[in-house]
Amino acid sequence: MSTPAPGPSVLFVCVHNAGRSQMAAAFLTHLAGDKVEVRSAGSAPADTVNPAVVEAMKEVGIDISAETPKVLTVEAVQASDVVITMGCGDTCPVFPGKRYLDWQLDDPAGQGVASVRPIRDEIERRIRGLLRELDG
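Residues numbered from 1 in each chain as written. Predicted model: local features only at pLDDT ≥ 70, side-chain atom pairs only at ≥ 80, totals over all residues. Heavy atoms only, no water.

## Structural notes on the side chain of T85
Right, on to step 1. Mapping T85 onto the fold places it in strand β3 (residues 82-85).
Right, on to step 2. Residue T85 is classed as buried on the basis of its relative accessible area of 11%. (Helix = DSSP H or I, 4+ residues; strand = E, 2+ residues; numbered from the N terminus. Buried < 20%, exposed > 50% of the residue type's maximum accessible area, 1.4 Å probe, protein only.)

## Some points on the sheet that holds β3
Each strand in a sheet pairs with another by means of backbone hydrogen bonds, the pair being arranged parallel or else antiparallel.
Right, on to step 1. Strand order in the open sheet made by the 4 strands is β2-β1-β3-β4, with parallel pairing throughout. Two strands in the sheet have a free side with no partner beyond their single neighbour: β2 (37-42) and β4 (99-102). Neighbouring strand axes in the sheet, compared pairwise and without regard to direction, differ in orientation by 20° on average.
Right, on to step 2. Looking at chain direction, strand β1 (residues 9-14) and β2 are connected through 6 bridges and run parallel. Following the sheet pairing, F12 is matched in β2 by S40.
Right, on to step 3. In the packing of helix α1 (residues 20-32) onto the sheet, contacts are made with β1 and β2, and the angle to β1 comes to roughly 160°.
Right, on to step 4. Its contacts with the sheet put helix α4 (residues 113-135) on β1, β3 and β4, and the angle it makes with β1 is roughly 150°. (Pairing = 2+ DSSP bridges. Axes fitted to C-alpha atoms, helices over the stretch in contact; angles between N-to-C directions. Contact = heavy atoms within 4.5 Å.)

See below:
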């Protein structure tokens, strides 16, 4: 078993775990290193990560081509300090003592790279803000 990260743990949730939550998890991992434990999941995960999302992230030097969408589990929510939902609606289980944030973001599903870029940039902006909050 791996030892948990000493810092907070953050779970990003969207429906397919193929776009927004993958980008958010990748940015937080990239910017926080091992200071934050990062998870992502989807309530109805896709088979693969959105290729336009992979391409958009590659443009900013982050390779998520090896990532695979994961199913949202109660255990993942229970093990996280902060749960950030991105359009998963009522499918996210809610537990007391967790911090929940809902980020309203356009869905990159079916979009080309040009449409994914502004979503990616907004996610990066929010991740940088979240990191400032987590650092206290």
